[in-house]
Amino acid sequence: MPKTEAELNAFLADLGIGVSTIRHPPLYTVADSQALRGEIAGGHTKNLFLKDKKDNFFLVTVDEEAEVDLKQIHHLIGAAGRVSFGKPEMLMELLGVIPGAVTVFGLINDSERRVKGFLDQELMSHAVINAHPLTNEATTSIASADLVRFVEATGHDAVILKVTS
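Rules behind the numbers
- Residues numbered from 1 in each chain as written.
- Predicted model: local features only at pLDDT ≥ 70, side-chain atom pairs only at ≥ 80, totals over all residues.
- Heavy atoms only, no water.
- Helix = DSSP H or I, 4+ residues; strand = E, 2+ residues; numbered from the N terminus.
- Polar contact = N/O pair within 3.5 Å; in protein donor to acceptor, adjacent residues only side chain to side chain.
- Contact = heavy atoms within 4.5 Å.
- Core = buried A, V, L, I, M, F, W, Y, C linked by side-chain atoms within 4.5 Å.
- Buried < 20%, exposed > 50% of the residue type's maximum accessible area, 1.4 Å probe, protein only.
- Pairing = 2+ DSSP bridges.

## Observations concerning the side chain of Thr139
Then, in step 1: Structurally, the position occupied by Thr139 is in strand 7 (residues 138-143).
Then, in step 2: Reaching out from Thr139, the side chain makes a polar contact with the side chain of His24 at a distance of 2.7 Å.
Then, in step 3: Other than its neighbours up to four places away in sequence, Thr139 contacts Ser20, Thr21, Ile22, His24, Ile40, Asn130, Ala131, His132 and Pro133.

## Considering the nonpolar core
The tendency in soluble globular proteins is for nonpolar side chains to be buried side by side.
Then, in step 1: Counting 28 residues, the largest nonpolar core has Phe49, Leu95, Phe105, Val115, Leu147 and Phe150 as its most contacted members.
Then, in step 2: For this core, the secondary-structure elements that each account for two or more residues are helix 1 (5-14), strand 3 (57-63), helix 4 (88-95), strand 5 (115-120), strand 6 (128-131) and helix 5 (144-153).
Then, in step 3: The greatest single-element share of this core, amounting to four residues, is contributed by helix 5.
Then, in step 4: Ignoring any residue separated from it by four or fewer positions in sequence, one finds Phe150 in contact with Leu8, Phe11, Leu12, Leu15, Ile17, Val104, Phe105 and Ile108.

## A word on unusual backbone geometry
Then, in step 1: Phi at Asp55 is positive, roughly 60°, even though this residue is not glycine.
Then, in step 2: When you line up the elements, Asp55 lands in the loop between strand 2 (43-51) and strand 3.
Then, in step 3: When its relative accessible area of 45% is taken as the criterion, Asp55 is described as partly exposed.
Then, in step 4: The phi dihedral of Leu134 falls on the positive side, at around 75°, and the residue is not glycine.
Then, in step 5: With respect to the secondary-structure elements, Leu134 resides in the loop between strand 6 and strand 7.

## Quick notes on the pairing of strand 7
Then, in step 1: Here strand 7 lies mainly inside the structure; five of its six residues are buried.
Then, in step 2: Two elements, strand 1 (residues 20-23) and strand 7, share four bridges in a ladder whose sense is antiparallel. Within strand 7, the position partnered with Thr21 by the bridge is Thr140.
Then, in step 3: Note that strand 6 and strand 7 share four bridges and pair antiparallel. What sits directly across from Ala131, in strand 7, is Thr140.

Here you go:
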């Protein structure tokens with residue numbers, strides 16, 4: 001069973017990481033997010049759940065306004081050839097979330113470390129990063145340094161890379 005938002009919050013608290021969470025109607029797209037979230041300071045994320053031809057999976061977290069060249073990103077993230085979007089079934093199996101709720105916090109559910117995560121350098125220049133806490137009905141604000149600590153605490157490498165054009 002995927003972890004719940006409450007279990008994520010307990011994991012963060014155990015790490016001594018403070019966050020704040022705002023509730024809102026479900027957000028499925030960046031446009032929804034921009035229209036409904038209100039004024040939440042910091043960088044807002046867009047997440048790409050990708051796979052390559054050898055069924056390697058990647059989670060690329062960038063700023064909501066970022067443009068990513070999907071025809072070239074495989075060179076940057078070490079994929080075996082071009083990438084495509086991962087299927088919803090694999091998204092749920094590996095990250096424990098549904099389409100529209102993809103989040104860097106989903107790495108907490110990837111206990112087998114099958115997903116390689118990447119944080120865009122531009123996004124990480126913000127002092128505060130905002131992401132869904134395993135549900136698209138809320139936005140959680142976390143300090144960028146604490147986000148790195150979270151990723152590492154899940155057993156993943158916190159790879160910060162310039163992936164945007």
